[in-house]
Every structure is written in structure tokens, then in C-alpha cells.
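Residue-level structure breakdown
Spelled out from the first residue to the last, the chains are:
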Amino acid sequence: MGRIQSLLAIPRQRPAPEQTVRRRRRRVSVAGIEVDRLTEIQVVDRVVTALRRGRGGHVITPNVDICRACSRNSELRALVLKADLAVADGMPLVWAARLLGRPLPARITGAELIWSLSEAAAFYRLPIYLLGGPPGVADRAATALCERYPGLIVAGVDAPTPGFETDPERFEQMRRALLDANPLLVFVGLGFPKQDLLIDRLRADLPATWFVGCGSAIAFAAGSVRRAPHWMRDHGLEWLYRLSTEPNRLARRYLVDDLPFALRLLLVCAVRRLFT
């Protein structure tokens, strides 16, 4: 039994009203959005507990790029704030929370959650669904997840073609396949904001299902995209590794847009801490 499984096997009691209030207070406001102060195991526990009670939800993993987009678009900010769980997928957010005096337990990425949530799903026999990535990538990710967690139920995979969300016929085809599969846990790897806007459209169709906006996590799980070494992730340098592997696609995003935003965020948080 894995570490996630062994902890989730412990019976959970229904939280009292005062516990719910305390949970809300565990959120910290960073860059205009709210992030849950949870460990990865606590995120998995929240999702599984809700699933076993028949309640669905939406996990979003804000990083600097998402925060920057939200600072310029109130509708995207409202979308992030509406998510049931928001965890920091970016060391600058972890550092910012620390500067504010409300540290986060850890950085939690979609690339990690796809494994830990699948481990729990295998233990509890909760069917999952992989949505996103180029053709064949979700199939390879499903194979990798099943090899690591025997007994995992993959209800289906889908790699919708670009632009499907604005084409009524292709959107309905994607939606019908998902509803027919009837999963309880859906990993949507289409990038922000597309994946989370799609989740917002689909949640009413599957109210007892949890959706996870996971970015490149499906490609990482499939092995088609390599992650940075652990030491680079731990020191906030994963962006540099990805920049070195995809400079044409990521140079402007990381160097022109995200880096100045991250530096301003850290400066503002440091100044705010000094004067509060």
C-alpha cells in the first residue's frame, strides 16, 4: 500500500461547522487570487472524501502565468476564485506567501497530482478520464498510470482537436464521450484558461465528478515531455529547464511576461510585510 493509500484508508469523520470555517481561513491571498494552504496528501484527502460523499469539484493549480492572466482579466480571476481547491503550482507563489507571513506547506503541481490522485483512485476503484494532449499521448499516459497502479480504472481518454470548444458538433462529440464514460475523476490537460473554462462548462453535466486542470501533466505522465530534475523543481528553476527545451514557444512567456510579474509580486509582498 502506497503512502497516499495508507493515509486515505484511515476513516474520516464529517467536519463540524467550526472546522469548515477554519478550513476557509487556511486560504492565503496571493497576487489577487486565493490559494489553499494544503499539502498534496491533504488535497487528495479532500477530493476522495468529497467523492465518497457524492460531491464533485474543480481543482485548479495557479502559477505565475495564471496569476498574470487573472490580473488582466476579471472573468478569468472569477473563474479561479470559483474553483473548489486552488494550490500553488509555482515557487514564486510559495515565496510570496512566505513573505506575507502565511507560508504554504509546499508547491503542488498538476504533474504530481495526476499520480497521487490516480493512486487513490486505484485504491478506491474510482474511474478516471484523461482529456487533452496530442493524439496518442493520453493513451500512453493511461498505460503508464495503470502500470504503476494496478487496478486503476481508466474510463476513457480523449485528445480533441484544436478549436473543438468553439465547434458545436465537435464539442458535443467530446461531451457525449465523457458522459458515456461517466468517470469520477477527470484530468483536463489543455492549458489555462482553455482547460478550466471547459471544466466550468462540463461540471453541471457531472456534478459528482472532480475535474483537475492539469496543464502538461498528461504529457509528463506519458513520457512525451520530460520534467526538470528534482533539484531544479525544488529551487524554483523548472521554468528555466522548460525554457531550455522549448525556447521558441516559451521565451516570450517566461522572460518578457512572467519574470517581471514574479519580481514585482515578490517586491510588493515584501513591502507589505514590512508595513503590516
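This is a predicted model, so every value here is computed, not measured. Residue positions are given per chain, counted from 1 along the sequence in the order it is written. Local features are withheld for residues below a pLDDT of 70 in this predicted model, meaning they are given only at 70 or higher, and side-chain atom pairs are given and counted only at 80 or more; totals for whole chains, interfaces and linings count all residues. Only hydrogens and water are set aside; all other atoms, that is, all heavy atoms of the structure, feed into the side-chain values.

1. A closer look at the overall build of the chain
To be explicit about the condition: Numbered from the N terminus, helices here are DSSP runs of H or I no shorter than four residues, and strands are runs of E no shorter than two. Just to be clear, the radius of gyration here is over C-alpha atoms, and the globule rule we use is 2.2 Å times residues to the power 0.38. Contacts are assigned to residue pairs that have any heavy atoms within 4.5 Å of one another. For accessible areas, the Shrake-Rupley method is used with a probe of radius 1.4 Å. Any residue's cover is judged against the shown protein chains and nothing else.
Of the regular secondary structure elements, the chain holds 14 helices and eight strands. Taking 276 residues into account, the globule formula puts the C-alpha radius of gyration at 19 Å, and the chain, at 18 Å, falls close to it. By principal-axis analysis of the C-alpha atoms, the chain measures approximately 55 × 50 × 35 Å. Intrachain contacts of the chain at a sequence separation of at least 6 include 76% that bridge at least 24 residues. Entry remark: accessible area of the chain is about 13,700 Å², with carbon and sulfur atoms responsible for 53%.

2. A word on empty space enclosed by the protein
The probe, sized like a water molecule, is rolled over the atoms to show the empty space still left. Just so we agree on the cut-off: Both cavities and pockets are sets of points on a 1 Å grid over the protein atoms alone; in a cavity a 1.4 Å probe fits but cannot get out, in a pocket the set is open with protein on both sides within 12 Å along at least five of seven lines, and lining residues sit with an atom within 4 Å of a point. Grid points are joined across faces, edges and corners, and a volume is the space filled by probe spheres set on the points. We call Asp, Glu, Lys and Arg charged. Ala, Val, Leu, Ile, Met, Phe, Trp, Tyr, Cys and Pro are nonpolar, and the rest, Gly among them, are polar.
Under the criterion given, the structure shown has one cavity of 30 Å³ or more. Of the volumes computed, that of the largest cavity is approximately 30 Å³. Of the residues contributing to the lining of the largest cavity, the split by class is eight nonpolar, no polar and one charged.

3. Considerations on the packing of aromatic side chains
Going by this rule: Pairing of aromatic rings covers Phe, Tyr and Trp, the last through its six-membered ring, and needs centres within 6.5 Å; plane angles under 30 degrees mean stacked, over 60 mean edge-to-face, and all others mean tilted. Relative accessible area decides the class of each residue, using a 1.4 Å probe on protein chains only: under 20% of the type maximum gives buried, over 50% gives exposed, and in between gives partly exposed. Distance and angle both matter: a charge sits over a ring if NZ of Lys or CZ of Arg is within 6 Å of the ring centre and within 35 degrees of the ring normal.
Under the defined criterion, the tally for this structure stands at three aromatic pairs. Here Trp115 and Tyr149 contribute two aromatic rings whose centre-to-centre distance is 6.3 Å and whose plane-to-plane angle is 65°, an arrangement assigned as edge-to-face. Separated by 34 residues along the polypeptide, Trp115 in helix H7 (residues 110–124) and Tyr149 in the loop between helix H8 (137–148) and strand E6 (154–158) bring together distant segments of the chain. Owing to a relative accessible area of 16%, Trp115 belongs among the buried residues under this scheme. A centroid spacing of 4.8 Å and a plane angle of 85° characterise the contact between Phe123 and Tyr124, whose relative ring orientation is edge-to-face. The cationic tip of Arg148 hangs over the ring face of Trp115; the distance from NZ or CZ to the ring centre is 3.9 Å. Here Arg227 stacks its cationic end above the ring of Phe220, 5.6 Å away from the centre of that ring.

4. Focus on the side chain of Arg233
To keep things clear, this is the line we draw: Asp and Glu count as negative and Lys and Arg as positive, but His and the ends of the chain are not part of the count. In the sections that follow, a salt bridge refers to a side-chain nitrogen of Lys or Arg positioned within 4 Å of a carboxyl oxygen of Asp or Glu.
Along the chain, Arg233 falls in helix H12 (residues 230–234). Glu238 is the oppositely charged side chain nearest to the buried, salt-bridge-free Arg233, at an N-O distance of 4.7 Å. Once you skip the residues sitting within four places of it in the chain, Arg233 turns out to touch Met91, Arg107, Arg227, Ala228 and Glu238.

5. Some remarks on the sheet that holds strand E7 (residues 185–189)
Selection rule: For two strands to count as paired, DSSP must find a minimum of two bridges between them. To obtain each axis, a line is fitted to C-alpha atoms, and for helices this fit is confined to the stretch in contact; angles are then taken between N-to-C directions over 0 to 180 degrees.
Strand order in the open sheet formed by six strands is E4-E3-E8-E7-E5-E6, with parallel pairing between adjacent strands. Looking at the sheet topology across the chains shown, the edges are occupied by strand E4 (85–86) and E6. The strands that helix H9 (residues 168–181) touches are strand E5 (128–132), E6, E7 and strand E8 (210–213); relative to E5, the one it contacts most, it runs at about 165°.

6. Focus on the environment of Gly223
Within the secondary structure, Gly223 is located in the loop between helix H11 (217–222) and H12. A C-alpha to C-alpha distance of 24 Å links Gly223 and Pro193, two positions 30 residues apart in sequence.

7. So, helix H14 (residues 247–274)
Heads up, the rule is: To estimate the expected span of a helix, subtract one from its residue number and multiply by 1.5 Å. A residue's bend is the angle separating two fitted axes: one through the seven residues that end there, the other through the seven that start there.
With 28 residues, H14 should reach 40 Å at 1.5 Å per residue; the first-to-last C-alpha distance of 37 Å fits that figure. At Asp258, H14 shows its largest bend, some 40°, and a proline, Pro260, comes one to four positions later. Where H14 is buried, its residues contact strand E1 (27–30), helix H4 (64–72), helix H6 (91–99) and helix H13 (238–245).

8. With respect to the pattern of salt bridges
Inspection of every chain in the model, using the stated rule, returns 19 salt bridges. One salt bridge in this structure joins Arg175 and Asp205, with 2.9 Å as the shortest N-O distance. You can see Arg175 sitting in helix H9 and its partner Asp205 sitting in the loop between helix H10 (194–202) and E8, a full 30 residues away along the chain. Overall, the relative accessible area of 18% leaves Arg175 in the buried class. Several salt bridges share partner residues, and in doing so they unite Asp65, Arg68, Arg253, Asp257 and Asp258 into one network.

9. Quick notes on unusual backbone geometry
For the bond running from Phe192 to Pro193, omega is 5°, close enough to zero to count as cis. Inspection of the secondary structure assignment puts Pro193 in the loop between E7 and H10. Even without glycine at this site, Arg125 takes up a positive phi of about 60°. Mapped onto the elements of the fold, Arg125 is located in the loop between H7 and E5. The backbone of Asn182 sits at a positive phi, close to 55°, despite the residue not being glycine. Position of Asn182 relative to the elements: it lies in the loop between H9 and E7. In this structure Asn182 comes out as partly exposed when scored by relative accessible area, which is 48%.

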